[in-house]
Amino acid sequence: MAAYLCPPAVIHGKHAVRTSQIVDEVRGQHPNAAWAPRIDAIAASTSIETRGWMLPLEAAVAPGSGSGLPAAGIGPAREALAGDGFTEQDVDRVIAALEAIPARQTVQERTAPAWSAVQSYGERAARGALQIAGLDAADVDCLITSHSTTPALPGLDVSLANRLPLRRDVLLLPATQWACIAGTRSLALAADLVAADPDRVVLVVIAEALSTTYQPADDTLESLIVRLLFADTAVATVVTGRPRPESTLRLDTAWHHTLPGTQDLHRLETREDGTHFVMDRRGPRAVQETVTAMWEWLRLRYQDDPGSWHPDVLLAHPGGTRVLEYMEETMPDGWPSGLLRYSRDSYTSGNRGGAAVFDIMRRAYDAGQKAGSRAVLYAAAPGLTATALEGEWL
């Protein structure tokens, strides 16, 4: 399966959003929520002080351009009130009061600026990855893209094909619903493509504006956690079938796993005021099942050498720190500590969704991961589905 990765380009959201800002905003919106007395402790438990967003917090909490008037408009509202016995003066007062109520932002108002940012950030990441690999846009034979929180048709693939620009015969493979698994699954697909033709050059670009799931009106505990966790990031890397001077990681094999009956545990819902990320508290336990399955895959893969083989670095995006703790607790006996240090470091500035594994990989590269190190990459996503890869640092 050998596929060769160049170091990824990582573009973080330029707007620093502090946890204290989010806590103040949520406390002002929902002072009587059942979890309000615990909000400081909940925020501290994330270990995230600041995360980068493509757009500022003010853009997420701003009112929409409409008002509290019914969608039918002023005329029908006046007729309905007059027909119900209101005097003309009462009707005027009611209409004025309704017009003064700010409406929530619509799907378009939330998504359009985020989609624009996703395209811009994606282009920057793509150009950065090509520069790192010592290649030009004309060298790209296939483009794989993912962006789950900004639905668009055409998508990021067509946008980048025009922006970079790419050759007209480049194969475009968009995967907008991969979400958190985009990092590992895109690499598995790229590896298959270069295995079929080792001369192919595959460019992978993932741009996620997860801050679009920040919904000020939601008052559930799960919504509070979503507000606190997510960061915006664009990443990109070049995958080839033959080693290049810039190659930093060789992928040797991939593993996929899907748990039946778990499709409702984590999901995106599109409502009139935008995209909502819905979490179920049973989710971490389901993710843990995929971790257990991955350990078994690795055990069988190295069953002839069970006493000496272990990864030297584990680049994992399981969705949260609870599962990272579970991974550390359930690792096979004899594996060294600190395998998840780069994963933990990445989480201190937010959950990056599909871009997370590339961000974690970049941190390992910047820290000078030694050549010959065995690496395992893992991610789990809503579905509940997981993909892992195993290879060697070059």
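Residues numbered from 1 in each chain as written. Predicted model: local features only at pLDDT ≥ 70, side-chain atom pairs only at ≥ 80, totals over all residues. Heavy atoms only, no water.

## Here we look at the nonpolar core
Grouped together as the largest cluster of nonpolar side chains are 38 residues, with contacts concentrated most on Leu187, Val202, Met361 and Leu377. Top element by residues in this core is helix H8 (residues 182–196). It accounts for seven residues. Ignoring any residue separated from it by four or fewer positions in sequence, one finds Val202 in contact with Cys142, Ile144, Ala190, Leu193, Val194, Thr237, Val238 and Val239. Membership of the second largest hydrophobic core comes to 32 residues, among which are Ala129, Ala133, Leu135 and Ala234. (Core = buried A, V, L, I, M, F, W, Y, C linked by side-chain atoms within 4.5 Å. Buried < 20%, exposed > 50% of the residue type's maximum accessible area, 1.4 Å probe, protein only. Helix = DSSP H or I, 4+ residues; strand = E, 2+ residues; numbered from the N terminus. Contact = heavy atoms within 4.5 Å.)

## Structural notes on the UniProt feature "domain: Chalcone/stilbene synthase N-terminal" (unreviewed entry) in the chain
According to UniProt, the feature "domain: Chalcone/stilbene synthase N-terminal" (unreviewed entry) maps to residues 105–242 in the numbering used here. With 43% helix and 20% strand, residues 105–242 has end C-alpha atoms that lie 49 Å from one another. (UniProt positions renumbered as here; feature names shortened; annotations may be inferred.)

## Quick notes on the packing of helix H4 (residues 74–83) against helix H5 (residues 88–100)
Contact geometry of H4 with H5 gives a least axis separation of 10 Å together with a crossing angle of 140°. Taken together, H4 and H5 sit at an angle that is classed as oblique. In terms of crossing hand, the pair formed by H4 and H5 is right-handed. Listed contacts from H5 to Ile74, Ala77, Arg78, Leu81 and Ala82 of H4 are Val91, Asp92, Val94, Ile95 and Glu99. (Axes fitted to C-alpha atoms, helices over the stretch in contact; angles between N-to-C directions. Parallel < 35°, antiparallel > 145°, perpendicular 65-115°, else oblique. Left-handed = near helix turned anticlockwise from the far one by under 90°.)

## Things to note about the pairing of strand E7 (residues 201–209)
With respect to burial, E7 is a largely interior element, nine of its nine residues being buried. Where burial is concerned, the two faces of E7 agree: the one with Val201, Leu203, Val205, Ala207 and Ala209 and the one with Val202, Val204, Ile206 and Glu208 are both buried. The sheet contact formed by strand E5 (residues 142–146) and E7 spans five bridges and is parallel. Bridge pairing in E7 places Leu143 opposite Leu203. The pairing of E7 with strand E8 (residues 232–240) spans nine bridges and is antiparallel. (Pairing = 2+ DSSP bridges.)

## Points about the pattern of salt bridges
By the definition in use, this model includes 23 salt bridges. Residue Arg163 is joined to Glu123 by a salt bridge in which the shortest nitrogen-to-oxygen separation is 2.9 Å. Taken together, the positions of Arg163 in helix H7 (residues 156–163) and Glu123 in helix H6 (residues 107–133) put the pair 40 residues apart, joining distant regions of the chain. Here the salt bridges share partners, and the residues they tie into one network are Arg250, Asp252, Arg301, Arg374, Glu390 and Glu392. (Salt bridge = Lys/Arg side-chain N within 4 Å of Asp/Glu carboxyl O.)

## Thoughts on the environment of Ala188
Residue position: Ala188 is located in helix H8. Placed 199 residues apart in sequence, Ala188 and Thr387 show a C-alpha to C-alpha distance of 8.2 Å. Once residues within four sequence positions are removed from consideration, Ala188 is found in contact with Ala254, His256, Thr387 and Leu389.

## Describing the packing of aromatic side chains
As enumerated under the stated definition, the model contains six aromatic pairs in all. Ring centres of Trp309 and Trp335 lie 6.0 Å apart, and the angle between their planes is 75°; this geometry places the pair in the edge-to-face category. Of this pair, Trp309 sits in the loop between helix H10 (283–301) and strand E12 (313–317) while Trp335 is found in the loop between helix H11 (321–330) and helix H12 (341–347), placing the two residues 26 residues apart along the sequence. Exposure class is identical for Trp309 and Trp335. Each is buried. The ring centre of Tyr121 lies 5.3 Å from the NZ or CZ of Arg124, which sits over that ring. The ring of Tyr214 is capped by Arg227, whose NZ or CZ atom sits 5.3 Å from the centre of that ring. (Phe/Tyr/Trp six-rings, centres within 6.5 Å; stacked < 30°, edge-to-face > 60°. Lys NZ or Arg CZ within 6 Å of the ring centre and 35° of its normal.)

## What to know about helix H13 (residues 356–366)
Side chains of residues three or four places apart in an α-helix project in the same direction, reflecting 3.6 residues per turn. Counting buried positions along H13 gives eight out of 11 residues, so the element sits mostly inside the fold. Turning to H13, its buried residues are Ala356, Val357, Phe358, Asp359, Ile360, Met361, Arg363 and Ala364. Looking at the residues trailing H13, positive phi occurs at Gly368, about 80°.

## Section: the side chain of Asp273
Counting through the fold element by element, Asp273 comes out in the loop between strand E10 (266–271) and strand E11 (274–279). Looking at Asp273, the relative accessible area reads 6%, which means it is buried. Looking at Asp273, its side chain comes within polar contact range of the side chain of Arg104, at 3.2 Å. In this structure Asp273 touches Arg104, Gln105, Thr106, Val107, Arg110 and Gln215, once residues within four positions along its chain are discounted. (Polar contact = N/O pair within 3.5 Å; in protein donor to acceptor, adjacent residues only side chain to side chain.)

## So, the packing of H6 against H7
Two elements in contact, H6 and H7, have axes separated by 10 Å at closest approach and are oriented at 55°. Here H7 runs oblique to H6, going by the angle between their axes. H7 is crossed by H6, and the crossing has right-handed handedness. Taken together, the residues of H7 that come into contact with H6 (itself represented by Trp115, Val118, Gln119, Ser120, Gly122, Glu123 and Arg127) are Leu156, Ser159, Leu160 and Arg163. Looking at the contact of H6 with H7 residue by residue, the classes come out as four nonpolar, four polar and three charged. (Nonpolar A, V, L, I, M, F, W, Y, C, P; charged D, E, K, R; others polar.)

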